[in-house]
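Chain by chain, the residues run as shown.
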Amino acid sequence: MLVYILKRVAMTIPVMGVVALFVFALLRLSPGDPAAVIAGDFATAEDVARIREQLGLSEPLVVQFGTWVWSLMQGDLGTSIFSGKPVTELIAQRIEPTMLLALTTILFSVAVAVPLGTLAAFKAGSLIDRFVMLFSVGGFSVPVFVLGYVLIYVFSLNLRWLPVQGYRSPFEHGLGPFLSHITLPTLTLSVIFIALIARMTRASVIEVLEEDYVRTARAKGQSELKVLMRHAVRNAAVPIVTVIGIGIALLIGGVVVTESVYNIPGLGRLVLDAVLARDYPIIQGLILFFSFVYILLNLLIDLTYTFLDPRIRY
Amino acid sequence: MAEGVAPDVAGAAAPLPSARDVAVWRIALRNRGVLWGGVVLALIALVAVIGPWFVVDPTNLNPMTRLRPPGEAGLMGTDQLGRDVFSRVLSGARVSLVVGLAVAVIAIAIGLVLGLVAGYVRWTDAIIMRVMDGLMSIPAILLAIAMISLSGATLGTVVAAIVIPEIPRVTRLVRSVVLTVREEAYVEAAIAAGTRVHMIMVRHVLPNTIAPLIVQATYICGSAMLTEAILGFLGAGIPPEIPSWGNIMSEGRTFFQLTPWIIFFPGLALAVTVLAVNIVGDGLRDTLDPRIARTMR
């Protein structure tokens, strides 16, 4: 077991290395002088020289990569060109809304999608099942931001139930304002996630329902609810949790868009502002940050399999 | 409702397939999703190709008719510069379809080569797959935004930026097919008979990848259209001189509370198109690839 954990942790290192190499190559291999690109159209020669110096672009590539990875390993994601602040500090300032939005979305999606998918599997072929499948195809087709604007239009502008945009921290303003502001972004972001999880839940529960032990459970007269809860959902847990992990990538992309639609001052907005300002160290740092979060979350999920399914032994 | 229609059309399309040489698309058209999704897509493509000839120039500015609601000026109203939203949405269809198709074709081509190599040449497997793992962990939208902001937003860079994050999925798929096929008895027989590697690839491995790749291509096409629109919406996509559904919506944001139709019409067009693509994809998956259908459904 311990050997497996160590192996699995070690496996993430080459993946992280590849990510770092990609992010590094992105700036260096792009056409033109990266320093000039970052400096923008109105930069003077001195500006370009200063940025080149700041990014260490005059060193040989290998040296650049080495120093960069070395500072990464010490937790240094670089320094913003314009504000001069460390990227880690900027991330720390903006992470709260993004993390809370991701959390509410995952909780809401799982709470809706797992029962929905189970029900669809239990009544496979029925009207409910068709509705769930239609929703899951639709969920993959509706663009996140269009959905966001439809929700704002209906619930904020017409019905006036919820605030149009913005964010209130639960730690400063209390739970009420936080919830009223986070409801629409959560709904918006959840649709695609619900589609994904409901589809996977349905598929794996259908598979489990064909197993012998389910027939045995039914044969000994157990109620259908118990069959579903005790046998089907529990045994279908591993693929469901796996798809949640894969969905984190979708979630990260969706967060950027959703924050933009609802004017939430989180990491997504930090990226977009950095793109407008061509503040490359911030973009680079955030891509690395999000990728590492994704890798670590999936590592964590892999390691929880043994708890979800005692049959899995390493 | 469609119950009565689909079998008729399918029945007219082809006799029962008896051998492999029956055209694959004829079998596929028996599926209702493929048929109806395909009809909707064909209509959208037709409108995208010939539509812009019949409407006013989408870049035509008209300060006299700014922000007019649908019906009052044009089918879908006008934007803040007095441009006709309907003609802009029609032009946007071209961009979306071109991006969707281009991304699907290029991503499949690159992924196919990488997957074949990884699956067949043992020593490259670990290297290629670790690179793919790394690429997969980078959030696609962020990678695309970064690439476009560095190399400038053109149709080409937008397509490239959407292609790269799609490659790992194709590579994984092709590799898994290769790994399964190479264990088959007929491939072992071919190897034993001294068939050259490239002949085994062409004769035995490649045909097995076609069905899953067609299915995958439709999904990539749909998600590429969504990504293109998201990039345009965030202001990191195709420049506003060429109207795309994404950048029309991006420009409509400022006046959203006043003129929501500038966002709703292109949004609806996008959703319907992607939905049609995805329904065709699901249908193709069910008909072409029963093995995947069982696990994915």
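What you see is a predicted model; the values in this text were computed from it and never measured.

All names here are of chain A. When cut into domains, chain A gives domain 1 (20-73) and domain 2 (93-308). Domain 1 and domain 2 are separated by 37 Å when their C-alpha centres are compared. If you look at the interface, domain 1 gives 11 residues, while domain 2 gives six residues. Of the roughly 800 Å² buried where domain 1 meets domain 2, counting both sides, 70% is carbon and sulfur surface. Where domain 1 meets domain 2, there are zero salt bridges. Scanning the region where domain 1 abuts domain 2 turns up zero residue pairs in polar contact (both at pLDDT 80 or more). Elements that contribute at least two residues to the side of domain 1 that touches domain 2 include exactly helix 1 (2-29), helix 2 (34-39) and helix 4 (61-73). Counting residues per element, the side of domain 1 that touches domain 2 draws most heavily on helix 1, which supplies five residues. Grouping the constituent residues of the side of domain 1 that touches domain 2 by class yields nine nonpolar, one polar and one charged.

As a further point, take the UniProt feature "transmembrane region" (unreviewed entry) in chain B. Residues and elements named next belong to chain B. Annotation from UniProt places "transmembrane region" (unreviewed entry) at residues 34-55, 97-121, 141-165 and 258-281. Across residues 97-121, helical content stands at 96% and strand content at 0%; the span's end C-alpha atoms are separated by 36 Å. Taken end to end, residues 141-165 is 88% helix and 0% strand, and its two terminal C-alpha atoms sit 9 Å from one another.

The next point concerns the interface of chain A and chain B. At the junction of the two partners, chain A supplies 47 residues and chain B supplies 43 residues. With both sides pooled, the region where chain A packs onto chain B buries about 3,900 Å², and carbon together with sulfur makes up 76% of that total. Counting every contact that joins chain A to chain B gives one salt bridge. R199 of chain A serves as the salt-bridge partner of D282 of chain B, at 2.9 Å between the closest nitrogen and oxygen. Linking chain A to chain B there are five residue pairs in polar contact (both at pLDDT 80 or more). Mapped onto the side of chain A that touches chain B, the elements with two or more residues apiece are helix 1, helix 6 (127-141), helix 7 (144-158), helix 9 (175-209), helix 12 (237-262), helix 13 (267-277) and helix 14 (280-308) of chain A.

With that out of the way, let us pick up the UniProt feature "domain: ABC transmembrane type-1" (unreviewed entry) in chain B. UniProt records the feature "domain: ABC transmembrane type-1" (unreviewed entry) for residues 97-281 of chain B in the present numbering. Taken end to end, residues 97-281 of chain B is 83% helix and 0% strand, and its two terminal C-alpha atoms sit 15 Å from one another.

Moving on to the packing of aromatic side chains. Tallying each qualifying case throughout the model produces eight aromatic pairs over all chains. Seen from their ring centres, F24 of chain A and F65 of chain A are 4.9 Å apart, and the 65° between their planes marks the pair as edge-to-face. With a gap of 41 residues between them, F24 of chain A in helix 1 and F65 of chain A in helix 4 connect regions that are remote in the sequence. A relative accessible area of 23% means that F65 of chain A is categorised as partly exposed. With centroids separated by 4.2 Å and ring planes inclined at 15°, the aromatic side chains of F145 of chain A and F233 of chain B adopt a geometry described as stacked. Here F145 of chain A, found in helix 7, pairs with F233 of chain B, found in helix 9 (residues 197-233), and the two come from separate chains. Like F233 of chain B, F145 of chain A is buried.

Let us look at helix 7 of chain A. Here helix 7 of chain A contains 15 residues, and its C-alpha end-to-end distance of 20 Å stays within 8% of the 21 Å for a straight helix at 1.5 Å per residue. The largest bend in helix 7 of chain A amounts to roughly 30° and is located at I152 of chain A. All of the buried residues in helix 7 of chain A are V144, F145, V146, L147, G148, Y149, L151, I152, S156 and L157 of chain A. Tucked inside the fold, the buried residues of helix 7 of chain A contact helix 9 and helix 12 of chain A together with helix 9, helix 10 (245-252) and helix 11 (261-288) of chain B. At the C-terminal side of helix 7 of chain A, R160 of chain A shows a positive phi close to 55°.

For the rest of this paragraph, the subject is the packing of helix 3 (residues 32-54) of chain B against helix 4 (residues 85-120) of chain B. Helix-helix packing: each pair is described by the crossing angle between the helix axes and the interaxial distance. All names here are of chain B. Orientation of helix 3 relative to helix 4, taken along the N-to-C sense of each, is 130°, at an axis distance of 8 Å. It follows that helix 3 is oblique to helix 4 by the angle criterion. For the crossing formed where helix 3 meets helix 4, the hand is left-handed. Every residue of helix 4 that contacts helix 3 at I44, A45, V47, A48, V49, G51, P52 and W53 is listed here: L90, S91, A93, R94 and L97. When grouped by side-chain class, the residues that make up the contact of helix 3 with helix 4 number 10 nonpolar, two polar and one charged.

So, about the environment of V215 of chain B. All names here are of chain B. Looking at the secondary structure, you find V215 in helix 9. Exposure remark for V215: the relative accessible area of 4% places this residue in the buried category. In the structure, V215 is positioned 114 residues away from L101 in sequence and 13 Å away in space, judged by C-alpha atoms. With residues up to four places along the chain from it excluded, the contact list for V215 reads G281, L284 and R285.

About the criteria used
- Residues numbered from 1 in each chain as written.
- Chains lettered and ligands numbered in written order.
- Predicted model: local features only at pLDDT ≥ 70, side-chain atom pairs only at ≥ 80, totals over all residues.
- Heavy atoms only, no water.
- Domains from an automatic or database assignment.
- Contact = heavy atoms within 4.5 Å.
- Buried area = accessible area lost by both parts, 1.4 Å probe.
- Salt bridge = Lys/Arg side-chain N within 4 Å of Asp/Glu carboxyl O.
- Polar contact = N/O pair within 3.5 Å; in protein donor to acceptor, adjacent residues only side chain to side chain.
- Helix = DSSP H or I, 4+ residues; strand = E, 2+ residues; numbered from the N terminus.
- Nonpolar A, V, L, I, M, F, W, Y, C, P; charged D, E, K, R; others polar.
- UniProt positions renumbered as here; feature names shortened; annotations may be inferred.
- Phe/Tyr/Trp six-rings, centres within 6.5 Å; stacked < 30°, edge-to-face > 60°.
- Buried < 20%, exposed > 50% of the residue type's maximum accessible area, 1.4 Å probe, protein only.
- Expected span 1.5 Å × (residues − 1).
- Bend = angle between axes of the 7 residues up to and from the residue.
- Axes fitted to C-alpha atoms, helices over the stretch in contact; angles between N-to-C directions.
- Parallel < 35°, antiparallel > 145°, perpendicular 65-115°, else oblique.
- Left-handed = near helix turned anticlockwise from the far one by under 90°.

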